[in-house]
Amino acid sequence: MTTLTQQINHQILLLSKHLFWDTPLENINPERSKKFIIQRVLEYGLMKDWLLIVEWYGLEEIGRVATQFRSLDSKALSFLVNITGIPINNFRCYTTKQSTRAHWDY
């Protein structure tokens, strides 16, 4: 019988190759690199990548992990707020973004 981590290890090769241009997929541990995987998929992933991580980690866990990110693309943040129902003020990237203005804010 295989554990969830072992199943995900085999399925991690199904993620889009462009997500991990700087890291070989074989070196990524799905449990230890959960934050890394979730953030890359949220910012650069395709819908198939999103569906894979929802299957692996669940929507609640993805939302919990994402609230800890120091930075997150504004579109990804809006998507998460709408799909998880977590208030935007609970996201660390939202509260720190307001206090740190970007030089070129379009």
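Our structure's up above, just so we're on the same page.
Our subject in this report is the structure included herewith.

The rules behind the values
Residues numbered from 1 in each chain as written. Predicted model: local features only at pLDDT ≥ 70, side-chain atom pairs only at ≥ 80, totals over all residues. Heavy atoms only, no water. Core = buried A, V, L, I, M, F, W, Y, C linked by side-chain atoms within 4.5 Å. Buried < 20%, exposed > 50% of the residue type's maximum accessible area, 1.4 Å probe, protein only. Helix = DSSP H or I, 4+ residues; strand = E, 2+ residues; numbered from the N terminus. Contact = heavy atoms within 4.5 Å. Patch = residues over 30% accessible without salt bridge, like charges linked within 9 Å, V, L, I, M, F, W, Y side chains within 5 Å. Areas by Shrake-Rupley, 256 points an atom, 1.4 Å probe, with all protein chains shown as cover. Salt bridge = Lys/Arg side-chain N within 4 Å of Asp/Glu carboxyl O. Phe/Tyr/Trp six-rings, centres within 6.5 Å; stacked < 30°, edge-to-face > 60°. Axes fitted to C-alpha atoms, helices over the stretch in contact; angles between N-to-C directions. Parallel < 35°, antiparallel > 145°, perpendicular 65-115°, else oblique. Nonpolar A, V, L, I, M, F, W, Y, C, P; charged D, E, K, R; others polar.

Notes on the nonpolar core
Next up, step 1: Ranked by size, the top nonpolar core spans 26 residues in total, and within it Leu15, Ile37, Ile38, Leu42, Ile53, Leu72 and Leu80 carry the most contacts.
Next up, step 2: If you tally residues by element for this core, the top one is helix H3 (residues 47–57), at five residues.

Topic: helix H4 (residues 59–66)
Next up, step 1: Buried residues of H4: Glu61, Ile62, Gly63, Val65 and Ala66, and no others.
Next up, step 2: On its buried face, H4 is in contact with helix H2 (34–44), H3 and helix H5 (74–84).

Thoughts on a nonpolar patch on the surface
Next up, step 1: On the surface, a cluster of nonpolar side chains totalling about 210 Å² of accessible area is made up of Leu59, Phe79 and Ile83.
Next up, step 2: As for its position among the elements, isoleucine 83 is in helix H5.

Things to note about the pattern of salt bridges
Next up, step 1: What the rule picks out here adds up to five salt bridges.
Next up, step 2: In this structure, glutamate 31 and lysine 34 form a salt bridge, with 3.1 Å as the shortest nitrogen-oxygen distance.
Next up, step 3: Note that glutamate 61 and arginine 64 form a salt bridge whose closest N and O atoms lie 2.6 Å from each other. You can see glutamate 61 and its partner arginine 64 sitting in helix H4, three residues apart, about one turn around the helix.
Next up, step 4: Three or more residues joined by partner-sharing salt bridges are found here, namely Glu31, Lys34, Glu61 and Arg64.

Topic: the packing of aromatic side chains
Next up, step 1: In this structure the tally under the stated criterion is four aromatic pairs.
Next up, step 2: With a centroid separation of 5.0 Å and an interplanar angle of 75°, the aromatic rings of tryptophan 50 and phenylalanine 79 are classed as edge-to-face. A residue pair is termed long-range when its members are at least 10 positions apart, and tryptophan 50 in helix H3 and phenylalanine 79 in helix H5 qualify at 29 residues.
Next up, step 3: According to the relative accessible area criterion, tryptophan 50 is buried, its value standing at 9%.
Next up, step 4: Assessed through its relative accessible area of 34%, phenylalanine 79 is described here as partly exposed.

With respect to the packing of H2 against H4
Next up, step 1: Orientation of H2 relative to H4, taken along the N-to-C sense of each, is 95°, at an axis distance of 10 Å. In this view, H2 runs roughly perpendicular relative to H4, as classed from their interaxial angle. Mapping the contact onto sequence places Lys34, Lys35, Ile38 and Leu42 in H2 and Glu61, Ile62, Val65 and Ala66 in H4.
Next up, step 2: For the contact of H2 with H4, the residue count by class is five nonpolar, no polar and three charged.

Concerning the environment of lysine 75
Next up, step 1: Tracing the sequence through the fold places lysine 75 in helix H5.
Next up, step 2: A relative accessible area of 68% means that lysine 75 is categorised as exposed.
Next up, step 3: When the C-alpha atoms of lysine 75 and leucine 42 are compared, they prove to be 9.1 Å apart, with 33 residues separating the residues in sequence.

Everything listed here is a matter of geometry and, on its own, says nothing about what the molecule does.
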